[in-house]
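Residues per chain are reported as follows:
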Amino acid sequence: MQKTPTFILPPTANLNGHNPHGIQPNPTVDHRNSTRALSLSEIPAFPDGPSMDDALSRHESISTDGTSNDSPESWDGESHSDSSPSVDYEIKIHDALYPFVDSTLAPLPSSSSSATAAAIMTAGSKHFQINYVASNNLNVSMAEDVTPKVEEIDGAEDLRSIKPLEAETAMASSSNHPSTTTPTAAPVNVPRKRGRPRKHPLPVPGGQIKITKGRSKTGCITCRRRKKKCDETKPSCLNCQKNAVVCEGYPPKEIWKSGKQKMEDAARTKALAAVPRSLPLLIDGVETEIDRRFLDHFVYGFSRVLTLINDDTNPFKEILLPMAAQHRGLMHSLMCLSGSHLSAFDPEPMLKERKFYHFHHAIQDLKDSIMSSSIKSSGASQEPELLVEDPIIASTIALSLNTICEGETKGEYRPHMDAARYLLVTQQPRNEKFRQFIVEFFQYHDVSNSITSLDRRPALRSDDLKLPDFVPQQAGMFLGVFDGLFNYISDVTRLRDRIRQRSNEGYEPAVDYQILSDAVSIDSAIRTWETSHPPDTPNWFLAQLYRQSTWVYLYRTIRPSKPSDKIAQVVDDGLAYLDQLPQDSGAFSIVLMPLFLLGCSAFLPRQRERIQKGFESLKAYSNLRNIEPAFKVVRRVWEVMDTKTEDSWDWEKIINDMNMDFLIT
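Listed under Subcellular location (unreviewed entry) in UniProt, the entry text for the chain is "Nucleus".

This is the structure we're talking about:
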């Protein structure tokens, strides 16, 4: 048989008539020698309220604070017998849970000599305390007085925390050990109810539990940033309109994806990141918008001022540009050349910066190509057929022209011209059309360079540098090379060197009979020379201008440097041919050299005015920056003519004294 836990109601001393709730004792029961045994099943139930275990689970129902029953502090301000141990039960009730707790208690005796049960309740705070004081010699049984109704309670498992005394243990303890304190209570073994246990705790007494909701993430971007509640009106919320702010709309909806889909998306994104974002360059060297400006200027503007031909057959467009499309170094050289010429019209800093970028890469590529070719030739058993490719030779020519566009006067052209000469002497270009153009181009600038320098002598008569095997019907891209006129200019330059040497050595006269004989032969050849260009065309007038300037060059070499009718007539005729050239004619591209020779022979002021206008027209046409230093030399020669006539003969020495060295082309 299962033991039923009971609460022992031993007798207590009189509480001095303290009965705040008006509970009357039963006069018919002798409380001195009686024992009141109240089983757990007889505990009165509180109507219309939650079960006892809920209330007990919210607060400690048994006061075990360790206070001794012998101490007066265990009573509410009253003393009791030292031999009366007590067990205090304190229950705190929620306001809404027990509104009339005092009406559920049965009357308890209050005699001073018998067992006394005191119930102290405070209605305001809904807190009551039940004190059961055990007597040493009285056992009162009051089972017959009160038989309360017991309802089934839920959560009987929580009652295991209550430690009541069993009836026989309490009786034995009160009779055999009167001075012992409250024994240890045994746990209540209540059978567990059938069914699944609760997953969640019981609700808190007093009302529903408030559920905290998270912030909504579907509002507009503006309201979320301002931390305001959004009415989520589409396309723009009314809250933003009311507050006069711009509604930035709503963030895109995120589609839920499984873990597998997220992994696939991550792998796809990683694979996409490995793909280059930008397209490769179509042509190496043409990389930016400024480079495209350089390319357009080269095709439609700059190429026409370099040769006689300014149509689609221009060799810079027909030969060099397609070659540069396959060679990065040559493209850098052409872009640098075009940028130098364009920066003379537009001094924008970005153009200059990009021009220097191409110049640096052109030089670096040229060095790398020559070094790699040297390594290959050193490792070979025999001399290779070609030291470098054709684009390398073209790059040297382009860099030489760059000094003309920049107006450099310190001999910056020399290494490029020397490299071109060495390459043309040691190897033959593979492309015959390119070979014809490059040899003519080099010899034109090489012969013209000898007119203004003391040590630069043309390689036109050199056996190492051969002209093309055939001579075209016309004069080619430049005038004077293929038609033989530059041969006479080279002969005159050699005569000047011989005269200068005799003069420096003190020989008198400086022009001997041998020099005069050679000069007469050159004069006869110039008189019989005819151009292949049709008469009365711009190129024909240009050829006549070259013929006049060649004769002036010869006359100024062997005759004294002083005014004469002969030299005045030839200069006037040459200026007349110059006036016949149209301002937009391609012939203006190679006018500088003959104009310089006429200027160094202009003794008359009226001729000098026309020479000055000729330089201005030439600069307006080509805008090459070597025109200005050339005219500066001419003005210096004029100053020497007016003071020391004989010294004006040697303008090469005048240029050297001015510390200038540049191409007159």
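This next bit is on the overall build of the chain. Counting its secondary structure elements, the chain contains 20 helices and five strands. The contacts of the chain with a sequence gap of at least 6 include a subset with a gap of at least 24, amounting to 75%. As presented, the chain carries roughly 36700 Å² of accessible surface, and 53% of it is formed by carbon and sulfur atoms.

What follows deals with the nonpolar core. Soluble globular proteins: nonpolar side chains tend toward being buried together. Judged by nonpolar contacts, the single largest core of 119 residues is most densely connected at Leu334, Phe437, Leu542, Tyr546, Val591, Phe596 and Phe615. The next biggest cluster of nonpolar side chains, apart from the first, holds seven residues, and it includes Cys220, Cys237, Cys240 and Cys247.

Next up on the list: unusual backbone geometry. Residues lysine 234 and proline 235 are joined by a peptide bond in cis, for which omega reads 0°. Put simply, glutamate 508 and proline 509 share a cis peptide bond, and its omega is -10°. Tracing the sequence through the fold places proline 509 in the loop between α13 (485-505) and α14 (513-528). A positive phi is found at glutamate 232, a non-glycine position, where the angle reads about 60°. Following the sequence through the fold, glutamate 232 ends up in the loop between α3 (221-226) and α4 (238-242). Judged by relative accessible area, glutamate 232 falls into the partly exposed class, the value being 33%. For asparagine 623, which is not a glycine, the phi torsion comes out positive at approximately 60°. Inspection of the secondary structure assignment puts asparagine 623 in the loop between α18 (605-622) and α19 (627-643). The class of asparagine 623 is buried, set by a relative accessible area of 14%.

Turning our eyes to something else, we now look at the side chain of glutamine 607. Structurally, the position occupied by glutamine 607 is in helix α18. Given a relative accessible area of 1%, glutamine 607 falls into the buried group.

Attention now goes to the pattern of salt bridges. Evaluation of the coordinates by the stated rule reveals 31 salt bridges. Between lysine 433 and glutamate 318 there is a salt bridge, with the nearest N and O atoms lying 3.0 Å from each other. A residue pair is termed long-range when its members are at least 10 positions apart, and lysine 433 in helix α12 (residues 432-450) and glutamate 318 in helix α7 (residues 315-324) qualify at 115 residues. On the basis of relative accessible area, lysine 433 is assigned to the partly exposed category, the value being 44%. Put simply, arginine 414 and aspartate 455 hold a salt bridge, and the shortest N to O gap is 3.0 Å. Placement of arginine 414 in helix α11 (residues 414-426) and of aspartate 455 in the loop between α12 and α13 is noted, with a sequence separation of 41 residues between them. Through salt bridges with shared partners, a single ionic network connects Arg457, Arg496, Asp497, Arg500, Asp650 and Glu652.

Attention shifts here to the side chain of threonine 452. Along the chain, the position of threonine 452 falls in the loop between α12 and α13. Residue threonine 452 is classed as buried on the basis of its relative accessible area of 5%. For threonine 452, the contacting residues outside a window of four places in its chain are Phe596, Glu652, Ile655, Phe662 and Ile664.

Our next topic: α14. Taking 1.5 Å per residue as the helical rise, α14 with its 16 residues ought to reach 22 Å, and the 23 Å between its terminal C-alpha atoms agrees with that figure. Residues of α14 that are buried include every one of Ile515, Ala519, Ile522, Asp523, Ala525 and Ile526, and no others. Looking straight down α14, one finds that the buried residues subtend no more than 165° of arc, so they occupy a single side. More than 90 degrees from the buried face of α14, the exposed residues found are Tyr513, Val520, Arg527 and Thr528.

Attention shifts here to the packing of α7 against α12. Their axes nearest at 11 Å, the elements α7 and α12 cross at an angle of 115°. α12 is crossed by α7, and the crossing has left-handed handedness. Residues Pro315, Phe316, Glu318, Ile319, Leu320 and Met323 of α7 pack against Lys433, Phe434, Phe437 and Phe441 of α12. Grouping the constituent residues of the contact of α7 with α12 by class yields eight nonpolar, no polar and two charged.

What follows covers the packing of aromatic side chains. Counting across every chain of the model gives 13 aromatic pairs. Aromatic pair tyrosine 553 and tryptophan 651: ring centres 6.2 Å apart, planes at 40°, arrangement tilted. Within this pair, whereas tyrosine 553 is found in helix α15 (residues 538-558), its partner tryptophan 651 is found in helix α20 (residues 651-657), the two being separated by 98 residues in sequence. Take tyrosine 553: its relative accessible area is 1%, and that puts it in the buried class.

Our focus in this paragraph is the packing of helix α6 (residues 289-300) against helix α8 (residues 328-345). Here α6 crosses α8 at 85°, and the two axes come no closer than 9 Å. Considering their axes alone, α6 and α8 lie roughly perpendicular with respect to each other. The residues of α8 that touch α6, namely those facing Asp291, Arg293, Phe294, Leu295, His297 and Phe298, are Leu334, Met335, Ser338, Gly339, His341, Leu342 and Phe345. For the contact of α6 with α8, the residue count by class is seven nonpolar, four polar and two charged.

Let's shift gears to the confidence of the model for the chain. Summing up the model confidence of the chain, the mean pLDDT is 74 and the portion of residues at 70 or higher is 63%. The low-confidence segment residues 1-144 (pLDDT under 50) makes 248 contacts with residues lying over four places distant or belonging to another chain.

The rules behind each value
Residues numbered from 1 in each chain as written. Predicted model: local features only at pLDDT ≥ 70, side-chain atom pairs only at ≥ 80, totals over all residues. Heavy atoms only, no water. UniProt positions renumbered as here; feature names shortened; annotations may be inferred. Helix = DSSP H or I, 4+ residues; strand = E, 2+ residues; numbered from the N terminus. Contact = heavy atoms within 4.5 Å. Areas by Shrake-Rupley, 256 points an atom, 1.4 Å probe, with all protein chains shown as cover. Core = buried A, V, L, I, M, F, W, Y, C linked by side-chain atoms within 4.5 Å. Buried < 20%, exposed > 50% of the residue type's maximum accessible area, 1.4 Å probe, protein only. Salt bridge = Lys/Arg side-chain N within 4 Å of Asp/Glu carboxyl O. Expected span 1.5 Å × (residues − 1). Arc of directions from axis to C-beta. Axes fitted to C-alpha atoms, helices over the stretch in contact; angles between N-to-C directions. Left-handed = near helix turned anticlockwise from the far one by under 90°. Nonpolar A, V, L, I, M, F, W, Y, C, P; charged D, E, K, R; others polar. Phe/Tyr/Trp six-rings, centres within 6.5 Å; stacked < 30°, edge-to-face > 60°. Parallel < 35°, antiparallel > 145°, perpendicular 65-115°, else oblique. pLDDT = per-residue confidence, 0-100.

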